[in-house]
Amino acid sequence: MAKMYYEKDCDITKLSGKKIAIIGYGSQGHAHALNLKDSGCDVCVGLREGSKSWKKAEEAGLQVKTIAEAAKWGDIVMILINDEVQAKVYKSDIAPYLEPGNALMFAHGFNIHYKQIVPPADVDVIMIAPKGPGHTVRSQYVNGKGVPCLICVEQNPTGKAYDIGLAYAAGIGGARAGVMETTFKAETETDLFGEQTVLCGGIVQLMKLAFETLVEAGYAPENAYFETIHEVKLIVDLINKGGVAMMNYSVSDTAEYGEYVSGPRVLPEAETKANMKAVLKDIQDGTFAGKWIAENNNGRTFFNRSRAMLAEHPMEIVGAELRKNMLWGDDVDPDTASN
């Protein structure tokens, strides 16, 4: 059983006197910065000059500096910009200002695990990875709750890395839900695998093919969207709350029977597992990382083309029209939208 930590195990006073630089003000960046500020921590946000987020962060009551200024200012530097730009920004604007005893922090292990960033040996290297999007990290904190986090320590020259990491997790609200100990390697590889086989790659492909199958059989696209895409949230919410057992309890016996007889037909166990193992192997041996790094170095041609094709797919067009006509369709925050 993985080791778990909660608020009673975390001493947020370990952040007292520490200056925390949050690099980036996107989904995770805004949540971490605001939660830490509300927890009484000394925080600043590091952004590139001319960033559209600069004014937004200042209006939220946060001090803002350039990335280099923030890195020089901070005792703890949390990098929350996109994976694909972290190494370049680190080399130019963060590495020159790290001092012995500083803590370098991440919310995902990609650049450390694949050695795109190699920190000096005299700084702590820590990961606090909330298992939810930034808007949820923020909304749960505001509501007195929290999003579970992972804690990983790659380097601990000060001997205080776990104390700092747990205090940080408490500061963003994660310790209210639970903080699980793991490693950079395990977090990176399982996170990428989950994204590719289930959460993003798998579920999008499954929905797309199911939608296309119904439409090609002559059913209205709107019906196809509701049955194969819209209702996914309802099912996932039940699983999230009480596992597959709660989902099966809540759906009809007809639906549960269909699960048993048709699930294995759609995703044959042997073939699907073989494909998943091939995906995992590419993640473990660095093949996927190499492709993603090369994609970014070569103009993102495949990525941009794939994104554009998906935007033009009928399921996206039909879905957008249907959502406009739903009572909650103008609510852009997933946490405040009515079900």
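Residues numbered from 1 in each chain as written. Predicted model: local features only at pLDDT ≥ 70, side-chain atom pairs only at ≥ 80, totals over all residues. Heavy atoms only, no water.

Visitor: Where do I start with the overall build of the protein chain in this structure?
Guide: Summing up its helical and strand segments, the protein chain has 16 helices and nine strands in all. Expected size for 339 residues packed as a compact globule is a radius of gyration near 20 Å; at 22 Å, the protein chain falls within 12% of this value. Over its C-alpha atoms, taken along the principal directions, the protein chain stretches across nearly 65 × 45 × 40 Å. Counting only contacts in the protein chain whose residues sit at least 6 apart along the sequence, the fraction spanning at least 24 positions is 65%. Here the protein chain contributes 34 positive and 44 negative side-chain charges, whose respective centroids are spaced 4 Å apart. (Helix = DSSP H or I, 4+ residues; strand = E, 2+ residues; numbered from the N terminus. Rg over C-alpha atoms; globule rule 2.2 N^0.38 Å. Contact = heavy atoms within 4.5 Å. Lys, Arg positive; Asp, Glu negative; His and termini not counted. Charge placed at Lys NZ, Arg CZ, Asp CG, Glu CD.)

Visitor: For this particular structure, what's the right way to read the nonpolar core?
Guide: If you look at the biggest cluster of nonpolar residues, it comprises 37 residues, and the most contacted ones within it are Ile22, Leu36, Ile128 and Tyr168. Looking at this core, the element that brings in the most residues is helix H7 (residues 161-171), giving seven residues. Residues Ile79, Val89, Ile117 and Val125 belong to the second largest nonpolar core, which totals 26 residues. (Core = buried A, V, L, I, M, F, W, Y, C linked by side-chain atoms within 4.5 Å. Buried < 20%, exposed > 50% of the residue type's maximum accessible area, 1.4 Å probe, protein only.)

Visitor: Honestly, the side chain of Asp124 in this entry has me stumped. Any pointers?
Guide: Of note, Asp124 is situated in strand S7 (residues 124-130). One buried charged residue, Asp124, remains without a salt bridge, the closest side chain of opposite sign being Lys18 at 7.4 Å. Side chain to side chain, Asp124 and Thr158 meet in a polar contact 2.5 Å long. With residues up to four places along the chain from it excluded, the contact list for Asp124 reads Asn102, Ala103, Leu104, Gln155, Asn156, Pro157, Thr158, Lys160 and Ala161. (Salt bridge = Lys/Arg side-chain N within 4 Å of Asp/Glu carboxyl O. Polar contact = N/O pair within 3.5 Å; in protein donor to acceptor, adjacent residues only side chain to side chain.)

Visitor: I tried to follow unusual backbone geometry on my own but got confused; where do I start?
Guide: Of note, the phi angle at Lys115 is positive, near 60 degrees, even though the residue is not glycine. Within the secondary structure, Lys115 is located in the loop between helix H5 (110-113) and S7. At Arg300, a residue that is not glycine, the phi angle is positive and equals roughly 55 degrees. Tracing the chain through its elements places Arg300 in the loop between helix H14 (287-297) and helix H15 (301-311).

Visitor: What should I look at first to understand the packing of helix H1 (residues 27-38) against helix H6 (residues 134-142) in this one?
Guide: In a pair of packed helices, the angle between the axes and the distance between the axes together describe the arrangement. The contact between H1 and H6 brings their axes to 7 Å, and the two run at 20 degrees. The orientation of H1 relative to H6 falls into the category roughly parallel. The way H1 lies across H6 gives a crossing that is left-handed. From H1, Ser27, Gln28, His30, Ala31, Leu34, Asn35 and Asp38 reach across to H6, where they touch Gly134, His135, Val137, Arg138 and Tyr141. For the contact of H1 with H6, the per-class residue count stands at four nonpolar, six polar and two charged. (Axes fitted to C-alpha atoms, helices over the stretch in contact; angles between N-to-C directions. Parallel < 35°, antiparallel > 145°, perpendicular 65-115°, else oblique. Left-handed = near helix turned anticlockwise from the far one by under 90°. Nonpolar A, V, L, I, M, F, W, Y, C, P; charged D, E, K, R; others polar.)

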